[in-house]
Amino acid sequence: GEDVEQSLFLSVREGDSSVINCTYTDSSSTYLYWYKQEPGAGLQLLTYIFSNMDMKQDQRLTVLLNKKDKHLSLRIADTQTGDSAIYFCAETYQNYGGSQGNLIFGKGTKLSVKP
Amino acid sequence: AAGVIQSPRHLIKEKRETATLKCYPIPRHDTVYWYQQGPGQDPQFLISFYEKMQSDKGSIPDRFSAQQFSDYHSELNMSSLELGDSALYFCASSLSRVVHEQYFGPGTRLTVT
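This write-up is about the structure you can find in this document. (Residues numbered from 1 in each chain as written. Chains lettered and ligands numbered in written order. Predicted model: local features only at pLDDT ≥ 70, side-chain atom pairs only at ≥ 80, totals over all residues. Heavy atoms only, no water.)

## What about the layout of surface pockets?
Inclusion rule: Site definitions follow a grid-based scheme: protein atoms alone, a 1 Å grid, a 1.4 Å probe that fits but cannot get out for cavities, and for pockets an open set with protein on both sides within 12 Å along at least five of seven lines, plus lining residues having an atom within 4 Å of a point. Grid points are joined across faces, edges and corners, and a volume is the space filled by probe spheres set on the points. Here a strand is any run of E in DSSP of at least two residues, a helix any run of H or I of at least four, and the numbering for each starts at the N terminus. Polarity classes work like this: nonpolar for Ala, Val, Leu, Ile, Met, Phe, Trp, Tyr, Cys and Pro, charged for Asp, Glu, Lys and Arg, and polar for all others, with Gly in that last group.
Roughly 460 Å³ of volume is contained in the largest pocket. Looking at the lining of the largest pocket, the elements with two or more residues in it are β9 (85-93) and β11 (109-114) of chain A together with β9 (87-94) and β11 (108-112) of chain B. Each residue belonging to the lining of the largest pocket can be placed in one class, and the counts come to 12 nonpolar, 10 polar and four charged.

Right, here's the structure in full:
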């Protein structure tokens, strides 16, 4: 079955690095994503990684994928108070016929950044 | 850059009433997804459309229906509303079924009293 798990809370100090972890069970996942949700707001696509990659870097964000352990992480360098939000890990898979399926989300990790 | 537009942003309805939520995808995007996010929950997939045809179906109750129109906008119709339908409803769009990036709208907050 499909299941995405994340720890629920993470607290860091401003300027430190944050690492948010996620595990998934569906080995047929093709893309893995990180979305950010601020209070009362929509879901912002932060970054994603294709399942045949093991790392992707985008400015302050680094995504690491361990496909063998089905483990995904998001590292935010130099974390700022504006990074405080809920971060959702999500996966999708390729349907028969080649289309991308819907997103399956984890429960979200609430990141609190203390000044 | 244009984003996904959802209307209304907030909606208050009573039990057993009906509601219609609208979604206008990013220009040129032909695929629309609907998700429901309950309080403190992760978004759950409801239904998706590609080129005006239903593409996938998730945990959408039989009381809900949806369609995609010729201009690619989509509407989610909800009938016989229940208290448990109170949630944020998100629409997302993508350029096509094979393009993996889904962009979300700001959501419609539905409150059923």
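Continuing now.
## A closer look at the environment of Val-19 of chain A
Residue and element names in this part refer to chain A. Stated formally: Burial here depends on accessible area, computed with a 1.4 Å probe over protein chains only, as a share of the maximum for the residue type. Under 20% is buried, over 50% is exposed, and the range in between is partly exposed.
Checked against the element boundaries, Val-19 lands in strand β3 (residues 18-24). Note on Val-19: relative accessible area 41%, which makes it partly exposed. When the C-alpha atoms of Val-19 and Arg-75 are compared, they prove to be 4.4 Å apart, with 56 residues separating the residues in sequence.

## What to know about the state of the cysteines
Here is the rule we go by: In what follows, a disulfide is any cysteine sulfur pair within 2.5 Å.
In the structure shown here, the tally under the stated rule is two disulfides over all chains. Residue pairing for Cys-22 of chain A: its cysteine sulfur links by disulfide to Cys-89 of chain A, the two sulfurs lying 2.0 Å apart. Given an S-S torsion of about -65 degrees, the disulfide between Cys-22 of chain A and Cys-89 of chain A has left-handed geometry. One end of the pair, Cys-22 of chain A, is in strand β3; the other, Cys-89 of chain A, is in strand β9, and 67 residues separate them in sequence. The residue that forms a disulfide with Cys-23 of chain B is Cys-91 of chain B, at a sulfur-sulfur distance of 1.7 Å.

Remember, this is a structural readout, not a statement about activity or role.
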